[in-house]
Amino acid sequence: MNSFDRFTAAIEGTCKNPPVVIPYLQYYFPEVVDQITPFSRKDLEEGDLDVKIEALSLLHQYFDCDWIRAITDPVWAMLQYTDRASGPDREIIPAERLLEDGVFDVATELVRRFGQEKFVYGRVGIPYGALFADWADIAGAMIALKKEPDRCKAIIEDSIPQRLEEIRAWAQTGVHGLWLGQWLCSNDMISEADYLNFVYP
């Protein structure tokens, strides 16, 4: 059973010793890339495609996890598309343009290099995350859940079409799955009632 088979079995519930997934490992990469590879943090974050791919390949080979977290380029590139202020004039960027813009080039290459042996997945932020583009601070968004619930729901729903385009773009990269990033919605930040009202649907 190789890494891909082991990870797939874990998802299906048939693996006795499932792998532990650390979804934030790639955010740690810039801190150690110069210690593990011939590349620098600047190479990893600002280098051309070939340099980024080679650095990421060496890092993944070093840590040898059962999974590969495919990333957009740059890592937070999708924020400019999905978590922008909402409104009736908001442009929906189709998946084809996202691919043409090169946002998913790194992800596509990681799938090509590792997809036969390891489970490669991407990340999509949940619609709830759009609230934090309309309020400048986390506290403001948290308060708005109580004071302006209808506006919050409208902002969340407004972000869904763009996220669907992002998912379509991810599908074309060949990733095996997607991780839904549920950030700022744990039970130490919002109530169960707010989670069920704004996040879960």
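For the structure, check the block above.
Keep in mind that what you see is a predicted model, and the values were worked out from it rather than measured.

Chemist: Can you tell me about the nonpolar core, naming the residues and giving the values?
Modeler: Buried together is how nonpolar side chains tend to be arranged in soluble globular proteins. Leu44, Leu56, Ala70, Leu110, Val120 and Trp170 are the most contacted members of the largest nonpolar core, which totals 33 residues. Those elements that provide at least two residues to this core are α2 (25–36), α4 (49–63), β1 (67–69), α6 (95–100), α7 (105–114), β2 (119–125) and α10 (149–173). The biggest single contributor to this core is α7, with 5 residues. Beyond its immediate chain neighbours, meaning those up to four positions away, Trp170 contacts Ala70, Ile71, Thr72, Phe104, Ala107, Gly122, Arg123, Val124, Val175 and Leu178. Counting residues in each nonpolar core, the second largest holds 17 residues, with Ala130, Phe132, Cys152 and Ile156 among its members.

Chemist: Tell me what's going on with the packing of aromatic side chains, and back it up with residues and numbers.
Modeler: Here the structure, examined in full by the defined rule, presents 7 aromatic pairs. Centroid distance Phe7 to Phe119: 4.4 Å. Interplanar angle 20 degrees. Geometry classified as stacked. Linking Phe7 in helix α1 (residues 3–12) with Phe119 in strand β2, this pair joins segments that are 112 residues apart in sequence. Assessed through its relative accessible area of 9%, Phe119 is described here as buried. An aromatic cluster of at least three residues, connected via ring pairs, comprises Tyr28, Phe29, Tyr62 and Phe63. When the ring centre of Trp179 is taken as origin, the NZ or CZ atom of Arg123, which lies over that ring, is 5.7 Å away.

Chemist: Give a description of unusual backbone geometry that names residues and reports values.
Modeler: For residues that are not glycine, phi is negative in most cases, and the peptide bond is trans in most cases. Phi at Asp64 is positive, roughly 50 degrees, even though this residue is not glycine. Here Asp64 shows up in the loop between α4 and β1.

Chemist: Lay out the pattern of salt bridges in plain terms, naming residues and giving numbers.
Modeler: Evaluated as defined, the whole model comprises 12 salt bridges. Its salt-bridge partner being Arg41, residue Glu45 comes within 3.1 Å of it at the nearest N-O pair. Of the two residues, Glu45 and Arg41 are both situated in helix α3 (residues 41–46); the distance of 4 residues between them amounts to about one turn of the helix. Overall, the relative accessible area of 38% leaves Arg41 in the partly exposed class. One salt bridge in this structure joins Arg97 and Asp101, with 3.9 Å as the shortest N-O distance. Overlapping salt bridges bring together Glu54, Glu109, Arg112 and Arg113 as one network.

Conventions we followed
- Residues numbered from 1 in each chain as written.
- Predicted model: local features only at pLDDT ≥ 70, side-chain atom pairs only at ≥ 80, totals over all residues.
- Heavy atoms only, no water.
- Core = buried A, V, L, I, M, F, W, Y, C linked by side-chain atoms within 4.5 Å.
- Buried < 20%, exposed > 50% of the residue type's maximum accessible area, 1.4 Å probe, protein only.
- Helix = DSSP H or I, 4+ residues; strand = E, 2+ residues; numbered from the N terminus.
- Contact = heavy atoms within 4.5 Å.
- Phe/Tyr/Trp six-rings, centres within 6.5 Å; stacked < 30°, edge-to-face > 60°.
- Lys NZ or Arg CZ within 6 Å of the ring centre and 35° of its normal.
- Salt bridge = Lys/Arg side-chain N within 4 Å of Asp/Glu carboxyl O.

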